[in-house]
Amino acid sequence: MKVAVVGLGIAGLSICARLALAGHDVSGFEQFGPMHEQGSSHGDTRITRLTPGEGEIYVTLARRAAPLWRTWEGLAGQPLIEWTSGLMAGPRGSAFVEACQRMSKTPASLLPGDAVHVLTRGYIAMPHEWDVFRQEDCGVVGADATRAFLLKQAPRWGAKLFHNVRIDAPVEGLSLRIGGEMRAFDAIIVATGSWAGKMLPEFAKRLSPRRRVLGWFATPEPRILPVVCVDNEVGLFGMSAPRGLYKIGLHSVGGVVDPDAVHEPDDADREMLSQQARLLLPKHDQTPVRMARCLYTLTPDENFLIAPSAAHERVLIFSACSGHGFKYAPIYGEFAEEWLRGTPSAELEAFSIEKRARAA
């Protein structure tokens, strides 16, 4: 089958690699360069958890992805995940912390917040009255290392990747206008992240591009620290990064943006991140050594959206960038293959329009 994949972030690259391996004639198109930093897939590290607190479906996805990550690591010839353990935390009675504990199915009890200071030798601090659940199955994914691997591996399996190529929007039917010329395909998968609403306007009201900012903080004595996911008003998350730095971001802070006009981090962002570092990272410098922006694409319920177009059943929107999508990267290609074959899938059903309609 002749398949076009529009967007070569982590989802698009995974889809290209898998479909090419399955024997399809795959062409992937990206409007930016191979390792660009405009979307939501770039960065040195991303959080991974085998027991995500977002819901049971994501636990299933994480466990399904785990052996494929090991396969990717074997093909890449290097580790792509570093397991560090994690601290899921929030005010006493936090529904998020409770969900993490329940889904992990382990007998471990909750810790008081000040126990974190002892566990991390003072490098991470949390209020005494908070609940903390310690998860061993947490770590960090080398995001850019994974992208670089797929950029090499997908063509080895037969995928044709085209960068710095803009596809005219919107996508209508099974033809794409590329450089003024129309090219026909048997199926089209739109995995353009924050640009998906422009490519497929019928989904625009379901997708909200948001600007987020990340900051890296240094310490005189670098060490590998646990991942943290905090259920507070800013949705704080953090992870170790290369060169002994610790990276933090705020899941819930940042407004709706046009993905073609996103401003770079500024002094207000620096102060916002420094304020959180003063609370969380007492032994670190309180000014970030660098900052970077990232684009989230949120659905109203913050779940993924994988659904065929109402105008043409062989056009698929594939949006998995609600802030927690990188950890499942290896199975995105499997989802695309299931969709092409018409194979029923609990995951595809869970992220479909119909499933959401029934839930509402």
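In what follows, the structure referred to is the one given above.
Below, the structure is looked at part by part. (Residues numbered from 1 in each chain as written. Predicted model: local features only at pLDDT ≥ 70, side-chain atom pairs only at ≥ 80, totals over all residues. Heavy atoms only, no water.)

**Side note on helix α3 (residues 95-104)**
Because each turn of an α-helix spans 3.6 residues, side chains separated by three or four positions in sequence point in the same direction. To keep it simple, the criterion reads: The buried label applies to any residue whose accessible area, calculated with a 1.4 Å probe on protein chains only, is under 20% of its type's maximum; exposed applies above 50%, and partly exposed to all values in between. Secondary structure follows DSSP: runs of H or I at least 4 residues long count as helices, runs of E at least 2 residues long count as strands, and numbering of each begins at the N terminus. Each C-beta atom gives one direction from the helix axis, and the arc is the one those directions make. Two residues qualify as a contact provided that any one of their heavy atoms is within 4.5 Å of a heavy atom in the partner residue. Under this definition, polar contacts are N or O atom pairs within 3.5 Å; protein pairs additionally need one hydrogen-donor-capable and one acceptor-capable atom, and for neighbouring residues in sequence, both atoms have to be side-chain atoms.
Phe-96, Val-97, Ala-99, Cys-100, Met-103 and Ser-104 are the residues of α3 that are buried. Angularly, the buried residues of α3 cover 160 degrees about the axis, an arc narrow enough to put them on a single face. Its buried side turned inward, α3 meets β3 (45-49), α2 (56-76), β5 (86-91), β7 (130-135) and β14 (227-230). You can read the cap of α3 off the contacts: a side-chain oxygen lies 3.3 Å from the backbone nitrogen of Phe-96, and it is on Ser-94. Positive backbone phi, at 55 degrees, marks Lys-105, one or two positions downstream of α3.

**A word on the nonpolar core**
As a reminder, the rule being used: In this description, a nonpolar core means a group of buried Ala, Val, Leu, Ile, Met, Phe, Trp, Tyr and Cys residues linked to one another through side-chain atoms lying within 4.5 Å.
Membership of the largest hydrophobic core comes to 47 residues, with the highest contact counts inside it found for Trp-69, Ile-189, Phe-318 and Tyr-332. Listing elements by their share of this core, those giving two or more residues are β1 (2-6), α1 (10-21), α2, α5 (143-156), β12 (187-190), β19 (315-319) and α8 (329-341). The element best represented in this core is α1, accounting for eight residues. Other than its neighbours up to four places away in sequence, Tyr-332 contacts Ala-11, Ser-14, Ile-15, Phe-304, Phe-318, Ala-320, Gly-325 and Phe-326. In terms of nonpolar packing, the next biggest core, distinct from the first, is built from 23 residues, Val-213, Leu-225, Val-228 and Ile-248 among them.

**So, the sheet that holds β14**
Worth spelling out the cut-off: DSSP bridges decide pairing: two strands pair if at least two such bridges lie between them. Working convention: axes come from line fits to C-alpha atoms, limited for helices to the stretch in contact. Angles between N-to-C directions cover 0 to 180 degrees.
If you walk across this open sheet you meet the eight strands as β6-β7-β5-β14-β15-β16-β13-β17, and the pairing is mixed. Of all the strands in the sheet, just β6 (111-112) and β17 (290-298) have a single pairing partner and so form its edges. In the sheet, strand β15 (residues 236-241) pairs with strand β16 (residues 245-250) via six bridges, with the strands oriented antiparallel. Bridge pairing in β16 places Leu-236 opposite Leu-250. Most of the contacts of helix α7 (residues 267-280) go to strand β13 (residues 208-217), to which it runs at about 55 degrees, and overall it touches β13, β14, β15, β16 and β17.

**Some thoughts on unusual backbone geometry**
Looking along the chain, the bond that leaves Ala-169 and enters Pro-170 is cis, with omega of 0 degrees. Mapped onto the fold, Pro-170 is located in the loop between β9 (160-162) and β10 (175-178). Backbone geometry at Ser-85 places phi at a positive 75 degrees, although glycine is not the residue there. By the secondary structure assignment, Ser-85 is in the loop between β4 (81-83) and β5. Classification of Ser-85 by relative accessible area gives buried; the value is 7%. Phi is positive for Arg-243, which is not a glycine, with a value near 65 degrees. Arg-243 sits in the exposed class, given a relative accessible area of 67%.

**Overview of the pattern of salt bridges**
Applicable threshold: Note on definitions: salt bridges are taken to be side-chain nitrogens of Lys or Arg within 4 Å of carboxyl oxygens of Asp or Glu.
Scanning the entire structure with this criterion turns up 22 salt bridges. Residue Arg-102 pairs with Glu-98 through a salt bridge whose shortest N-O separation is 3.3 Å. Of this pair, Arg-102 and Glu-98 both sit in helix α3, four residues apart, roughly one helical turn. Residue Glu-98 is classed as partly exposed on the basis of its relative accessible area of 39%. Measuring nitrogen to oxygen at the nearest pair gives 2.7 Å for the salt bridge that ties Arg-270 to Asp-267. Taken together, the residues span about one helical turn, with Arg-270 and Asp-267 both in helix α7 at a distance of three residues. On the basis of relative accessibility, which here comes to 30%, the residue Arg-270 falls in the partly exposed class.

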